[in-house]
Amino acid sequence: MAELSGKSVYLTGGASGIGKAVVEAFISEGAVVTVLDRSAEGLRALQEQFGDSVRTIMGDVTVYENHQRAVQCAVESFGKLDVLVSNAGVFDAFAKFVDVTPEAMSEAYDVLFSINVKGSFFAAKAAVDELKRTRGNMIFTVSGAGFYPDGGGVWYTASKHAQIGLLRQLAFELAPDIRVNAVAPGGTLTALSVIAPLRPFVNVVDNETKAKNIKRRNPLQIAMEPEDHVGAYILLASDKARAITGEVLASDGGLVVRGL
Ligand code: NAD
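Since we're looking at a predicted model, the values are computed, not measured. Residue numbering note: each chain is counted from 1, following its sequence as written. Per-residue local features of the predicted model are confined to residues with pLDDT of at least 70, and side-chain atom pairs are confined, for both listing and counting, to 80 or more; whole-chain, interface and lining totals are unaffected and use all residues. Side-chain metrics rest on all non-hydrogen atoms present in the structure, leaving aside hydrogens and water.

Caption draft 1: Focus on the site of the ligand. Proximity criterion: a residue is near a molecule or strand once any of its heavy atoms comes within 4 Å of it. Near the ligand there are 27 residues, and of these S16, D37, Y156, T188 and T190 occur at the shortest range. Counted as a polar contact is a pair of N or O atoms within 3.5 Å, where, for protein atoms, one must be capable of donating a hydrogen and the other of accepting one, and residues adjacent in sequence contribute only when both atoms are in side chains. Note that an oxygen atom of the ligand is positioned 2.6 Å from one of the side-chain N or O atoms of Y156. Compared with its free state, where it exposes 830 Å², the ligand has 95% of that area covered by protein. The nonpolar class holds Ala, Val, Leu, Ile, Met, Phe, Trp, Tyr, Cys and Pro. Asp, Glu, Lys and Arg form the charged class, and all remaining residues, Gly among them, are polar. Split by residue class, the shell around the ligand holds eleven nonpolar, twelve polar and four charged. Reported accessibility uses the Shrake-Rupley method at a 1.4 Å probe radius. Residues are deemed covered only where the shown protein chains occlude them.

Rendered as C-alpha coordinates:
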(Lines give C-alpha, C1' and ligand atoms only; values in the text may rest on other atoms or scores of the structure.)
Protein backbone atom coordinates (compact mmCIF):
# COMPACT_ATOMS: atom_id res chain seq x y z
CA MET A 1 0.00 0.00 0.00
CA ALA A 2 1.18 3.55 -0.80
CA GLU A 3 2.82 5.17 2.24
CA LEU A 4 1.46 8.69 1.66
CA SER A 5 -1.97 7.96 0.28
CA GLY A 6 -4.18 11.08 0.41
CA LYS A 7 -1.52 13.31 2.03
CA SER A 8 -1.32 16.95 0.93
CA VAL A 9 2.27 18.23 0.94
CA TYR A 10 3.77 21.72 0.58
CA LEU A 11 7.41 21.58 -0.63
CA THR A 12 9.85 24.40 -1.43
CA GLY A 13 12.56 24.09 -4.07
CA GLY A 14 10.86 21.27 -5.97
CA ALA A 15 11.82 22.33 -9.48
CA SER A 16 15.24 20.65 -9.39
CA GLY A 17 17.54 18.23 -7.58
CA ILE A 18 16.57 16.64 -4.27
CA GLY A 19 13.24 18.52 -4.08
CA LYS A 20 12.18 17.31 -7.50
CA ALA A 21 13.05 13.71 -6.64
CA VAL A 22 10.99 14.02 -3.44
CA VAL A 23 8.00 15.41 -5.37
CA GLU A 24 8.18 12.46 -7.76
CA ALA A 25 8.52 9.90 -4.95
CA PHE A 26 5.72 11.43 -2.84
CA ILE A 27 3.33 11.42 -5.80
CA SER A 28 4.15 7.80 -6.56
CA GLU A 29 3.34 7.07 -2.88
CA GLY A 30 -0.12 8.60 -3.30
CA ALA A 31 0.44 12.23 -2.19
CA VAL A 32 -0.50 15.49 -3.90
CA VAL A 33 2.14 18.23 -3.75
CA THR A 34 2.14 22.04 -3.88
CA VAL A 35 5.56 23.37 -4.92
CA LEU A 36 7.05 26.85 -4.41
CA ASP A 37 10.14 27.60 -6.51
CA ARG A 38 11.71 30.54 -8.29
CA SER A 39 12.37 28.59 -11.51
CA ALA A 40 9.49 29.17 -13.94
CA GLU A 41 10.94 26.67 -16.39
CA GLY A 42 11.35 23.96 -13.74
CA LEU A 43 7.80 24.49 -12.47
CA ARG A 44 6.39 24.24 -16.00
CA ALA A 45 8.16 20.89 -16.43
CA LEU A 46 6.74 19.64 -13.10
CA GLN A 47 3.22 20.67 -14.08
CA GLU A 48 3.53 18.87 -17.42
CA GLN A 49 4.92 15.74 -15.78
CA PHE A 50 2.48 15.44 -12.87
CA GLY A 51 -0.73 17.21 -14.02
CA ASP A 52 -3.44 17.24 -11.35
CA SER A 53 -1.20 15.74 -8.65
CA VAL A 54 0.80 18.95 -8.40
CA ARG A 55 0.18 22.68 -7.96
CA THR A 56 3.02 25.10 -8.69
CA ILE A 57 3.63 28.56 -7.27
CA MET A 58 6.32 30.76 -8.74
CA GLY A 59 8.11 32.83 -6.10
CA ASP A 60 11.04 33.36 -3.77
CA VAL A 61 11.20 31.64 -0.35
CA THR A 62 12.55 34.85 1.21
CA VAL A 63 9.10 36.48 0.84
CA TYR A 64 6.57 35.40 3.50
CA GLU A 65 3.54 36.10 1.31
CA ASN A 66 4.73 33.47 -1.19
CA HIS A 67 4.50 30.78 1.50
CA GLN A 68 1.04 32.03 2.48
CA ARG A 69 -0.05 31.78 -1.17
CA ALA A 70 1.34 28.26 -1.41
CA VAL A 71 -0.37 27.05 1.78
CA GLN A 72 -3.65 28.64 0.70
CA CYS A 73 -3.33 26.98 -2.71
CA ALA A 74 -2.68 23.56 -1.10
CA VAL A 75 -5.75 23.89 1.15
CA GLU A 76 -8.04 25.23 -1.59
CA SER A 77 -6.90 22.59 -4.09
CA PHE A 78 -6.58 19.54 -1.86
CA GLY A 79 -8.69 20.40 1.21
CA LYS A 80 -5.91 20.31 3.84
CA LEU A 81 -2.17 20.29 4.52
CA ASP A 82 -0.45 17.27 6.11
CA VAL A 83 3.27 17.78 5.44
CA LEU A 84 5.69 20.68 4.90
CA VAL A 85 9.07 19.99 3.28
CA SER A 86 11.30 23.08 3.52
CA ASN A 87 13.99 22.19 1.02
CA ALA A 88 15.01 25.20 -1.14
CA GLY A 89 18.63 26.13 -0.55
CA VAL A 90 21.80 27.63 -2.02
CA PHE A 91 25.51 27.01 -1.52
CA ASP A 92 28.77 28.87 -0.84
CA ALA A 93 30.94 26.35 -2.76
CA PHE A 94 33.46 26.08 0.10
CA ALA A 95 34.46 29.77 -0.22
CA LYS A 96 37.33 30.38 2.22
CA PHE A 97 36.60 32.84 5.03
CA VAL A 98 40.05 34.47 4.86
CA ASP A 99 39.84 35.12 1.10
CA VAL A 100 36.47 36.88 1.03
CA THR A 101 36.28 40.67 1.42
CA PRO A 102 34.16 42.10 4.27
CA GLU A 103 31.72 43.58 1.72
CA ALA A 104 31.24 40.25 -0.08
CA MET A 105 31.04 38.47 3.28
CA SER A 106 28.17 40.67 4.38
CA GLU A 107 26.29 40.34 1.10
CA ALA A 108 26.85 36.57 1.06
CA TYR A 109 25.50 36.32 4.62
CA ASP A 110 22.34 38.22 3.71
CA VAL A 111 21.65 36.23 0.54
CA LEU A 112 22.46 32.77 1.89
CA PHE A 113 20.85 33.14 5.32
CA SER A 114 17.73 34.69 3.78
CA ILE A 115 17.19 31.64 1.59
CA ASN A 116 18.49 28.76 3.73
CA VAL A 117 17.35 29.98 7.16
CA LYS A 118 14.68 32.68 6.83
CA GLY A 119 13.08 30.64 4.03
CA SER A 120 12.61 27.77 6.51
CA PHE A 121 11.30 30.08 9.29
CA PHE A 122 8.75 31.51 6.85
CA ALA A 123 7.70 28.12 5.46
CA ALA A 124 7.12 26.77 8.98
CA LYS A 125 5.21 29.88 10.11
CA ALA A 126 2.92 29.86 7.08
CA ALA A 127 2.16 26.12 7.44
CA VAL A 128 1.85 25.75 11.23
CA ASP A 129 -1.89 26.40 11.67
CA GLU A 130 -2.91 24.02 8.89
CA LEU A 131 -0.51 21.33 10.14
CA LYS A 132 -1.96 21.68 13.62
CA ARG A 133 -5.40 20.89 12.20
CA THR A 134 -4.19 17.64 10.60
CA ARG A 135 -1.62 16.75 13.31
CA GLY A 136 0.86 16.76 10.46
CA ASN A 137 4.62 17.09 10.22
CA MET A 138 7.47 19.25 8.97
CA ILE A 139 10.70 18.08 7.31
CA PHE A 140 13.71 20.35 6.74
CA THR A 141 16.44 19.53 4.24
CA VAL A 142 19.63 20.15 6.17
CA SER A 143 23.06 18.65 5.42
CA GLY A 144 26.05 16.99 7.05
CA ALA A 145 27.25 20.61 7.17
CA GLY A 146 24.70 21.03 9.96
CA PHE A 147 26.97 18.90 12.19
CA TYR A 148 30.59 18.99 11.06
CA PRO A 149 33.06 21.02 8.97
CA ASP A 150 34.06 20.45 5.37
CA GLY A 151 30.53 20.22 4.01
CA GLY A 152 30.70 23.85 2.87
CA GLY A 153 32.22 27.19 3.83
CA VAL A 154 31.24 29.21 6.92
CA TRP A 155 28.07 30.63 5.37
CA TYR A 156 26.58 27.29 4.33
CA THR A 157 27.77 25.43 7.45
CA ALA A 158 26.42 28.09 9.81
CA SER A 159 23.11 28.20 7.93
CA LYS A 160 22.64 24.44 8.18
CA HIS A 161 23.47 24.51 11.93
CA ALA A 162 20.83 27.25 12.26
CA GLN A 163 18.21 25.12 10.50
CA ILE A 164 18.89 22.31 12.96
CA GLY A 165 18.35 24.74 15.86
CA LEU A 166 15.07 25.77 14.27
CA LEU A 167 13.88 22.19 13.89
CA ARG A 168 14.82 21.18 17.45
CA GLN A 169 13.09 24.14 19.07
CA LEU A 170 10.03 23.72 16.84
CA ALA A 171 9.86 19.99 17.62
CA PHE A 172 9.78 20.96 21.32
CA GLU A 173 7.26 23.80 20.98
CA LEU A 174 4.89 22.11 18.51
CA ALA A 175 4.60 18.72 20.25
CA PRO A 176 2.25 16.94 20.66
CA ASP A 177 0.45 18.31 17.60
CA ILE A 178 3.15 18.47 14.92
CA ARG A 179 6.23 16.32 14.38
CA VAL A 180 9.33 18.19 13.15
CA ASN A 181 12.30 16.36 11.61
CA ALA A 182 15.04 16.76 9.01
CA VAL A 183 16.91 14.82 6.37
CA ALA A 184 20.66 15.45 6.10
CA PRO A 185 21.81 14.41 2.63
CA GLY A 186 25.51 13.99 1.97
CA GLY A 187 27.17 15.50 -1.11
CA THR A 188 24.79 14.87 -4.01
CA LEU A 189 24.98 15.42 -7.76
CA THR A 190 22.58 18.33 -8.29
CA ALA A 191 22.65 21.84 -9.71
CA LEU A 192 22.91 23.37 -6.18
CA SER A 193 23.78 26.97 -7.04
CA VAL A 194 26.62 29.10 -5.73
CA ILE A 195 25.41 32.52 -4.56
CA ALA A 196 26.53 35.48 -6.69
CA PRO A 197 28.55 37.43 -4.07
CA LEU A 198 30.91 34.45 -3.57
CA ARG A 199 31.43 33.45 -7.20
CA PRO A 200 34.64 35.48 -7.60
CA PHE A 201 36.17 33.59 -4.66
CA VAL A 202 35.45 29.96 -5.59
CA ASN A 203 36.40 27.34 -8.16
CA VAL A 204 33.34 25.58 -9.48
CA VAL A 205 34.22 21.93 -10.13
CA ASP A 206 32.74 19.91 -13.00
CA ASN A 207 30.27 17.11 -12.26
CA GLU A 208 32.75 14.31 -12.96
CA THR A 209 35.21 15.65 -10.36
CA LYS A 210 32.35 16.25 -7.94
CA ALA A 211 31.15 12.64 -8.40
CA LYS A 212 34.67 11.30 -7.72
CA ASN A 213 35.04 13.46 -4.60
CA ILE A 214 31.67 12.43 -3.19
CA LYS A 215 32.33 8.75 -3.86
CA ARG A 216 35.78 8.85 -2.29
CA ARG A 217 34.52 10.53 0.86
CA ASN A 218 31.67 8.28 2.02
CA PRO A 219 32.18 4.70 3.27
CA LEU A 220 29.47 3.26 1.00
CA GLN A 221 31.30 4.89 -1.95
CA ILE A 222 28.13 6.20 -3.58
CA ALA A 223 28.17 9.23 -5.88
CA MET A 224 24.77 10.16 -4.54
CA GLU A 225 21.90 11.20 -6.81
CA PRO A 226 18.75 12.98 -5.56
CA GLU A 227 16.75 9.72 -5.76
CA ASP A 228 19.06 8.16 -3.15
CA HIS A 229 17.48 10.31 -0.42
CA VAL A 230 13.77 9.92 -1.06
CA GLY A 231 13.30 6.94 1.29
CA ALA A 232 14.24 9.11 4.28
CA TYR A 233 11.64 11.75 3.34
CA ILE A 234 8.91 9.15 2.73
CA LEU A 235 9.53 7.58 6.13
CA LEU A 236 9.50 10.87 8.07
CA ALA A 237 6.41 12.17 6.21
CA SER A 238 4.44 8.95 6.76
CA ASP A 239 2.36 7.77 9.70
CA LYS A 240 4.96 5.01 10.22
CA ALA A 241 7.13 7.72 11.84
CA ARG A 242 4.47 8.78 14.35
CA ALA A 243 6.90 8.42 17.28
CA ILE A 244 9.73 10.36 15.62
CA THR A 245 10.25 14.07 16.23
CA GLY A 246 13.28 16.36 16.67
CA GLU A 247 15.34 13.87 14.65
CA VAL A 248 17.77 14.36 11.79
CA LEU A 249 18.03 11.35 9.50
CA ALA A 250 21.39 11.22 7.72
CA SER A 251 21.31 9.96 4.14
CA ASP A 252 24.98 10.33 3.35
CA GLY A 253 26.63 7.01 2.53
CA GLY A 254 27.70 6.55 6.15
CA LEU A 255 29.85 9.64 6.83
CA VAL A 256 29.26 9.21 10.55
CA VAL A 257 31.14 5.89 10.43
CA ARG A 258 34.27 7.86 9.57
CA GLY A 259 33.81 9.82 12.79
CA LEU A 260 33.30 13.16 11.04
P1 NAD B 1 19.08 22.36 -6.59
O2 NAD B 1 19.66 23.67 -6.99
O3 NAD B 1 19.06 21.27 -7.60
O4 NAD B 1 17.60 22.58 -6.05
C5 NAD B 1 17.26 23.70 -5.26
C6 NAD B 1 15.92 24.24 -5.70
O7 NAD B 1 15.61 25.34 -4.84
C8 NAD B 1 15.93 24.77 -7.14
O9 NAD B 1 14.78 24.33 -7.84
C10 NAD B 1 15.93 26.29 -6.96
O11 NAD B 1 15.28 27.00 -8.02
C12 NAD B 1 15.18 26.43 -5.63
N13 NAD B 1 15.51 27.68 -4.96
C14 NAD B 1 16.75 28.14 -4.61
N15 NAD B 1 16.64 29.34 -4.05
C16 NAD B 1 15.32 29.66 -4.03
C17 NAD B 1 14.59 30.78 -3.57
N18 NAD B 1 15.20 31.84 -3.03
N19 NAD B 1 13.24 30.76 -3.70
C20 NAD B 1 12.61 29.71 -4.28
N21 NAD B 1 13.26 28.63 -4.74
C22 NAD B 1 14.59 28.60 -4.61
O23 NAD B 1 19.89 21.91 -5.30
P24 NAD B 1 19.73 20.66 -4.31
O25 NAD B 1 21.10 20.14 -4.12
O26 NAD B 1 18.64 19.76 -4.72
O27 NAD B 1 19.34 21.43 -2.95
C28 NAD B 1 18.17 21.16 -2.20
C29 NAD B 1 18.50 21.19 -0.72
O30 NAD B 1 19.40 20.12 -0.42
C31 NAD B 1 19.19 22.47 -0.24
O32 NAD B 1 18.62 22.87 1.00
C33 NAD B 1 20.63 22.04 -0.04
O34 NAD B 1 21.28 22.82 0.93
C35 NAD B 1 20.43 20.61 0.42
N36 NAD B 1 21.61 19.75 0.29
C37 NAD B 1 22.21 19.56 -0.92
C38 NAD B 1 23.35 18.76 -1.00
C39 NAD B 1 24.08 18.55 -2.30
O40 NAD B 1 25.25 18.10 -2.27
N41 NAD B 1 23.46 18.84 -3.46
C42 NAD B 1 23.85 18.13 0.16
C43 NAD B 1 23.19 18.34 1.38
C44 NAD B 1 22.07 19.14 1.43
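Caption draft 2: Molecular detail of the side chain of S143. Residue position: S143 is located in the loop between β5 (137–141) and α5 (154–174). Per-residue accessibility, obtained with a 1.4 Å probe over protein chains only, is compared with the maximum for each type, and a residue is labelled buried under 20%, exposed over 50%, and partly exposed between these values. The exposure class assigned to S143 is buried, which follows from its relative accessible area of 8%. Within the structure, S143 has its side chain in polar contact with the backbone nitrogen of A145 (distance 2.9 Å). Residue contacts follow a heavy-atom distance rule, with two residues in contact if any of their heavy atoms lie within 4.5 Å. With sequence-adjacent residues up to four places away left out, S143 is seen in contact with Y156, K160, V183, A184 and P185. Numbering of helices and strands starts at the N terminus; helices are DSSP runs of H or I of at least 4 residues and strands are runs of E of at least 2.

Caption draft 3: Fine view of the pattern of salt bridges. Note on definitions: salt bridges are taken to be side-chain nitrogens of Lys or Arg within 4 Å of carboxyl oxygens of Asp or Glu. In the structure shown here, the tally under the stated rule is seven salt bridges. For K7, the salt bridge identified is with D239, shortest N-O distance 2.8 Å. Taken together, the residues span a long stretch of sequence, with K7 in the segment before β1 (8–12) and D239 in the loop between α7 (230–237) and β7 (248–251) at a distance of 232 residues. Using a relative accessible area of 55% as the deciding quantity, one classes D239 as exposed. Among the salt bridges present, the one from D177 reaches R135, with a minimum N-O distance of 3.1 Å. With D177 in the loop between α5 and β6 (179–185) and R135 in the loop between α4 (102–134) and β5, this residue pair connects regions lying 42 residues apart in the sequence.

Caption draft 4: Molecular detail of the sheet that holds strand β3 (residues 54–58). The seven strands are arranged β3-β2-β1-β4-β5-β6-β7 in an open sheet whose pairing can be described as parallel. Two strands close off the open sheet at either side, each with one partner strand: β3 and β7. Ignoring strand direction, the axes of neighbouring strands in this sheet form an average angle of 15 degrees. Where β1 meets strand β2 (residues 32–37), five bridges bridge the pair, whose relative direction is parallel. When the sheet's bridge partners are listed, T12 is paired in β2 with L36. A fitted line through C-alpha atoms serves as each axis, taken over the contacting stretch for helices, and the angle formed by two N-to-C directions is quoted from 0 to 180°. Taken strand by strand, helix α3 (residues 64–78) contacts β1, β2 and β3, and its axis lies near 160 degrees from that of β2. For two strands to be treated as a pair, DSSP must find no fewer than two bridges joining them.

Caption draft 5: Spotlight on the pairing of β6. For β6, a buried count of seven out of seven residues is recorded, marking the element as mostly surrounded by other parts of the structure. Burial along β6 is two-sided: the face carrying R179, N181, V183 and P185 and the face carrying V180, A182 and A184 are both buried. The parallel pair β5 and β6, bridged by α5, forms a crossover whose chirality is right-handed. Judged from the four bridges that link them, β6 and β7 form a sheet pairing that is parallel. Its bridge partner lying in β7, A182 is registered against V248. Classification remark: right-handed applies to a crossover when, strands pointing away from the viewer, the course from the first strand over the helix to the second runs clockwise.

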